[in-house]
Amino acid sequence: MNTDIPLRILFVEDVPADAELAARILSKEGLAFTSIRVETQEEFLNALIEYRPDLILSDYSLPQFDGMRALRLALAHNVNLPFIIVTGSIDEETAVDCIKAGAWDYVLKERMARLPFAAKSALERRKIRLSQAESAVMLRESERRYREIFNATNEAIFIDDAATGQMIDVNDAMLRMYGYSSKQEVLAGSIGDLSANRPPYSQAEAEQHLRRTLEQGPQTFEWLARKRSGEEFWTEVSLRGSDIGGKGRILAVVRDITERKAAETAIHHLAYFDALTGLPNRRLFRDRLNQALAAAQRSNRWGAVLFVDLDQFKQINDARGHDVGDLLLKQVSERLNRCRRDEDTVARQGGDEFVVLLVHLAATHSAAIRLATRVAEKIRDAASVPFQIGGLDYHIGVSIGITVFPKATENVDDLLREADTAMYRAKEAGRNTVSYFEPAMQEAVQARFALEHDLRQALARNEMRLLLQPQVDGQGRFVGAEALVRWERPGQGLVSPMVFIPVAEESGIILALGRWVLEEACRLLKQLDAAGHILRLAVNVSPRQFRQPDFVACVCEVLQTTGADPTHLVLEVTEGLVIENIHDTIAKMIELNRLGIRFSIDDFGTGYSSLAYLKRLPLHELKIDRTFVQDAPTDPNDAALVETILAVARHLNLSVVAEGVETKIQLDFLKQRGCEVFQGYFFDRPLLWPHFQEKAFLQMR
Ligand SMILES: Nc1nc2c(ncn2[C@@H]2O[C@@H]3COP(=O)(O)O[C@H]4[C@@H](O)[C@H](n5cnc6c(=O)[nH]c(N)nc65)O[C@@H]4COP(=O)(O)O[C@H]3[C@H]2O)c(=O)[nH]1
């Protein structure tokens, strides 16, 4: 209570001298107060409202009023107003009745010395009561606010009991998201009712997540949820342990990510499936072949690749039009699909070419050839039955080339080339035939060894060159460049990185080579900066290089020794690198990002295109792969993919560089769709440093 403001005491007393005596006694004990005295009910009620007393000292019996009535009226007015009976004559029973009725104390007139103590302690109790009442109001207010937030958010919130996993409360958004009309209905069920309810989205797995949250801290994961109607939908769940009201709780915040998932699936489907036939496309086929090759090398089980080309398709397509051609391709796809086992893959390679991957065929080379030939014959038989389109019969033949794997040191490209070569041989042999590839294996092995051997010495012999390919804006002005390495191999001119980077990667030479590239790029960057060119320089980082534990330290060292400005350096990484070891990758990226270095995802769209991952990375830019750019103006599939990538980039606030722009048509296509930075032969090939410098200089003028 604020001691500066004097207390207001209301005496209910018919004898003025008694009231004055009480006042004197209180003053003497150091109480500062003002007071008034009333005798009737009317005066009393007025005083309650007008005078607003802090303390009432009331006689028990008055000629025109009585203490008990005054007490009831005071309580009705304010239960926290201290009321003390001060009386000359009261028996113990009446005193108890007064206390029971709500009086705070009573003091006998013959023992007035006790009055100050009674008054002070009543005032003290009043203070405590008021502060308790205040806390209760605040608590109610904070509970109300929490409820409001709890129910106003668009995210579904669950509160679960940490010990039993049982749901205790859910918010309104949860009811909307899951299609329930009442909390009771939700709380009567279990988490299993709200999940797809099959591994890995069942009750048991949900409980595992809850346990893990308790043991390891907050968890975020994607979850296939189920509405009351049975409809399944994708969510992102964040769990965290919490102590609510002293009880162990788990708080689950659930977001509906249906749209994000749909975008991911759309990108994936556009990137990996052929729009016309619905078959896997070339990209997916390469992935599967890569995996099959690795598996075959491990297990020593042979597999095969069949290259299938339709004879006479071109004539039918030209004569009867694309609609007939398209229908024919669809029917062929269906028949090819019927000739394979579940584990095999039939893909459309492009145009009227198809490829078939047969896995786990046989334990020996010869048995594999026999079985693959049998499948090829089956395909030929299936294709020999006329195709009916628009009431007409169309006859086509197929030429099929076969190769088997694994053969030492062969990769996916080698196998596809072999099958293709074999298919051409089949065509030469008079069409509608099957031909088998005879490998000139030894030669290839030897060439590869020689390459690795020479590459090891190339750095020491100063045979590496770093070319810069300009990146330009819509007006053709330089905004940056990509550093691309070449090997000036004696007697062979400039060797493409496509030839030696895979070997460098496999043999570990990439570590020294990558360091050299970074140093050289930073040195050039410093020179550009010094000449007043504000350009960003992008450097490719190989997965193996990035995964070195000292990669960050290595970059810092190079920046320090060269004096290059880290904010002008862009590191290009691939999607595969990011996803393989996401935690380590993010940690390194964040560290480098803090220095000002930016990150670009190379060949975006060819990998996993997982938006969930992308969002977690400190990224600056996506690069659209040149295979998409090149076909985008003519291939609706690639066009849609480019548009989706641009939309994703806008959504994630990333800039986009389109790679491999070779024609004005491609450039216009990209510009119209909002792409702003371009790289490709249409502007410049990768240039040697003096040439690049000269061009950059001319631009400045
Ligand atoms: N058809 C066509 N191609 C165009 C056009 N414009 C640019 N290119 C080529 O596209 C490639 C773009 O580089 P990338 O996707 O990073 O692909 C690079 C990159 O993955 C790798 N690479 C190159 N230099 C390095 C390096 O220093 N370190 C690492 N780890 N990898 C490198 O080798 C790949 C191939 O490099 P390059 O042969 O220089 O091929 C370069 C470039 O010359 C165009 O308009 N049409």
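All values derive from a computational prediction rather than experimental measurement.

## Re the overall build of the protein chain
Line of reasoning, step 1. Helix and strand counts for the protein chain stand at 26 helices and 26 strands.
Line of reasoning, step 2. Counting the 701 residues in the protein chain, one finds 48% classified as buried.
Line of reasoning, step 3. Of the contacts formed within the protein chain by residues at least 6 apart in sequence, a portion of 63% connects residues at least 24 apart.
Line of reasoning, step 4. Carbon and sulfur atoms form 51% of the exposed surface of the protein chain, whose accessible area is close to 34700 Å².

## Digging into the packing of aromatic side chains
The geometry of an aromatic ring pair comes down to the distance between the two centres and the angle between the two planes.
Line of reasoning, step 1. For the structure shown, the criterion picks out twelve aromatic pairs.
Line of reasoning, step 2. Pairing Tyr178 with Phe233 gives two aromatic rings, centres 5.3 Å apart and planes at 75°, and the pair type is edge-to-face. With a gap of 55 residues between them, Tyr178 in helix 6 (residues 172–178) and Phe233 in strand 9 (residues 232–244) connect regions that are remote in the sequence. Grouping residues by exposure puts Tyr178 and Phe233 together as buried.
Line of reasoning, step 3. On the basis of an interplanar angle of 85° and a centroid distance of 5.9 Å, the ring pair of Trp487 and Phe500 is categorised as edge-to-face.

## Describing the site of the ligand
Line of reasoning, step 1. Around the ligand sit 24 residues in total, of which Glu482, Arg486, Arg626, Glu662 and Tyr681 are the nearest.
Line of reasoning, step 2. For the ligand, an oxygen atom lies 2.9 Å from a polar atom in the side chain of Asp602.
Line of reasoning, step 3. One nitrogen or oxygen atom from the side chain of Gln630 is found 3.4 Å from a nitrogen atom belonging to the ligand.
Line of reasoning, step 4. The fraction of the free accessible surface of the ligand (790 Å²) that becomes covered by protein chains is 88%.
Line of reasoning, step 5. Within the residue set of the shell around the ligand, elements represented by two or more residues are strand 19 (478–489), helix 16 (497–507), strand 23 (598–604) and helix 23 (626–631).

## Re the environment of Gln527
Line of reasoning, step 1. For Gln527, the location among the structural elements is in helix 17 (residues 510–530).
Line of reasoning, step 2. Using a relative accessible area of 32% as the deciding quantity, one classes Gln527 as partly exposed.
Line of reasoning, step 3. As for Gln527 and Gly563, which are separated by 36 residues in sequence, their C-alpha atoms are 9.8 Å apart.

## Re the state of the cysteines
In a disulfide, the sulfur atoms of two cysteines are covalently bonded to one another.
Line of reasoning, step 1. Applying the stated criterion across every chain yields a total of zero disulfides.
Line of reasoning, step 2. Take Cys554: it sits in no disulfide, and the sulfur closest to it among the cysteines is that of Cys556, at 9.1 Å.

## Details of the confidence of the model for the protein chain
Line of reasoning, step 1. Chain-level pLDDT for the protein chain is 89 on average; 97% of the residues reach the 70-or-more range.
Line of reasoning, step 2. Our summary of model confidence lists the complex with pTM equal to 0.50 and ipTM equal to 0.95.

## Observations concerning the side chain of Ser195
Line of reasoning, step 1. The residue Ser195 is located in the loop between helix 7 (183–188) and helix 8 (203–216) in this model.
Line of reasoning, step 2. The exposure class of Ser195 is buried, given its relative accessible area of 1%.
Line of reasoning, step 3. Discounting chain neighbours no more than four positions away, the residues touching Ser195 are Tyr201, Trp223, Leu224, Ala225 and Arg226.

## Brief notes about the pattern of salt bridges
Line of reasoning, step 1. Following the criterion strictly, the structure yields 43 salt bridges and no others.
Line of reasoning, step 2. Across the pair Glu39 and Arg37 runs a salt bridge, and its minimum N-O distance is 3.0 Å.
Line of reasoning, step 3. For the salt bridge of Glu222 with Lys261, the shortest nitrogen-to-oxygen distance reads 2.7 Å. Taken as a pair, Glu222 in strand 8 (residues 219–226) and Lys261 in helix 9 (residues 258–272) lie far apart in primary sequence, 39 residues in all.
Line of reasoning, step 4. Residue classification places Glu222 among the partly exposed positions, given a relative accessible area of 25%.
Line of reasoning, step 5. Ionic contacts of the salt-bridge type, sharing partners, join the residues Glu222, Glu236, Arg255, Arg260, Lys261 and Glu264 into one network.

## Brief notes about the environment of Tyr106
Line of reasoning, step 1. Mapping Tyr106 onto the fold places it in strand 5 (residues 105–108).
Line of reasoning, step 2. For Tyr106, the contacting residues outside a window of four places in its chain are Ile84, Ile85, Ile90, Ala95, Ile99 and Arg114.

## Focus on the packing of helix 9 against helix 24 (residues 636–652)
Line of reasoning, step 1. One way to put it is that helix 9 packs onto helix 24 with a least axis distance of 9 Å and a crossing angle of 150°. For the pair helix 9 and helix 24, the sense of crossing is left-handed. Residues Ile267, Leu270 and Ala271 of helix 9 form the contact with helix 24, whose participating residues are Asn637, Ala640, Leu641, Thr644 and Val648.
Line of reasoning, step 2. A class-by-class count of the residues in the contact of helix 9 with helix 24 yields six nonpolar, two polar and no charged.

Calculation rules
- Residues numbered from 1 in each chain as written.
- Predicted model: local features only at pLDDT ≥ 70, side-chain atom pairs only at ≥ 80, totals over all residues.
- Heavy atoms only, no water.
- Helix = DSSP H or I, 4+ residues; strand = E, 2+ residues; numbered from the N terminus.
- Buried < 20%, exposed > 50% of the residue type's maximum accessible area, 1.4 Å probe, protein only.
- Contact = heavy atoms within 4.5 Å.
- Areas by Shrake-Rupley, 256 points an atom, 1.4 Å probe, with all protein chains shown as cover.
- Phe/Tyr/Trp six-rings, centres within 6.5 Å; stacked < 30°, edge-to-face > 60°.
- Near = heavy atom within 4 Å.
- Polar contact = N/O pair within 3.5 Å; in protein donor to acceptor, adjacent residues only side chain to side chain.
- Disulfide = S-S within 2.5 Å.
- pLDDT = per-residue confidence, 0-100.
- Salt bridge = Lys/Arg side-chain N within 4 Å of Asp/Glu carboxyl O.
- Axes fitted to C-alpha atoms, helices over the stretch in contact; angles between N-to-C directions.
- Left-handed = near helix turned anticlockwise from the far one by under 90°.
- Nonpolar A, V, L, I, M, F, W, Y, C, P; charged D, E, K, R; others polar.

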